Amino acid sequence: PIGIRLLTAEDLIHRLPSPQKPPKYVLRCPTTLPDSSNSGLFSYEPLPHIPQENRWQPVIVSQVSTLAERSLLKLSKDRHYQNDRYFWYEGSEVYDLDRDVAVLAMFDKDREKDSPLRVIWHTSEGRLDLRDIYLPLAYKSYLWQLSGKAEQNSRIRSVPAASRSLIEPAFQKLGCLLV
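The rules behind these values
Residues numbered from 1 in each chain as written. Predicted model: local features only at pLDDT ≥ 70, side-chain atom pairs only at ≥ 80, totals over all residues. Heavy atoms only, no water. Pairing = 2+ DSSP bridges. Helix = DSSP H or I, 4+ residues; strand = E, 2+ residues; numbered from the N terminus. Phe/Tyr/Trp six-rings, centres within 6.5 Å; stacked < 30°, edge-to-face > 60°. Buried < 20%, exposed > 50% of the residue type's maximum accessible area, 1.4 Å probe, protein only. Contact = heavy atoms within 4.5 Å.

A. Examining the sheet that holds strand 2 (residues 40-44) more closely. With respect to topology, six strands assemble into an open sheet ordered 1-6-5-4-2-3, the strand pairing being antiparallel. Edge positions in the open sheet fall to strand 1 (30-31) and strand 3 (56-59), since each of these has one partner strand only. Pairing between strand 1 and strand 6 (residues 93-97): two bridges, direction antiparallel. Bridging across to strand 6, Pro-30 finds its partner in Tyr-95.

B. The packing of aromatic side chains, seen in detail. One pass over the full model with this rule turns up two aromatic pairs. Measuring from centroid to centroid gives 5.1 Å for Tyr-44 and Trp-56, while their planes differ by 65°, and the two rings are edge-to-face. Remark: Trp-56 occurs in strand 3 and Tyr-44 occurs in strand 2; sequence separation between them is twelve residues. Each of the two residues, Tyr-44 as well as Trp-56, counts as buried.

C. Spotlight on the sheet that holds strand 9 (residues 148-149). Across the sheet, which stays open at both edges, the five strands sit in the order 9-10-8-7-11 with mixed pairing between neighbours. Two strands in the sheet have a free side with no partner beyond their single neighbour: strand 9 and strand 11 (177-178).

D. Representation of the environment of Ser-43 in the model. Looking at the secondary structure, you find Ser-43 in strand 2. For Ser-43, a relative accessible area of 1% translates into the label buried. Sequence-distant contacts of Ser-43, defined by excluding residues within four places in its chain, comprise Arg-55, Trp-56, Gln-57, Val-59, Leu-67, Leu-72 and Leu-73.

Okay, here's the thing in structure tokens:
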């Protein structure tokens, strides 16, 4: 028989990737950190009630070997995410990471340290404030399909009443708190 498969909201949430440390098969060959003289090296350190971009703490390249095992690093001109390179430090080796793998690792580190990211969600108005919050691409796509641009800033989303119940499970899967 030919038919159309109907996906439920639970199916859609289930298909979103879960936060996790980079699995071994994702890690590329060990690499060396590039020269950071024109940019900074940052380590992701989840701290309670701190915005996501401020969880990136400066690190000196010579101190990398003193970092905790399984550290997430970023090479950037600042704490923002434009043209950044991500790395994973494990077993005294450094591995290059894709952005999406790094973002999932950020949420995993938040959960590991019991420091959930706080996302501003005005339930009654259906306004979701995602400024300064970086999501895995699958989550961003999911949320953009459920919402529209609320103001001048496309990172503030207007969620129609019919879609509001679908927002919370996605953020719960990431380990976020909607406030």
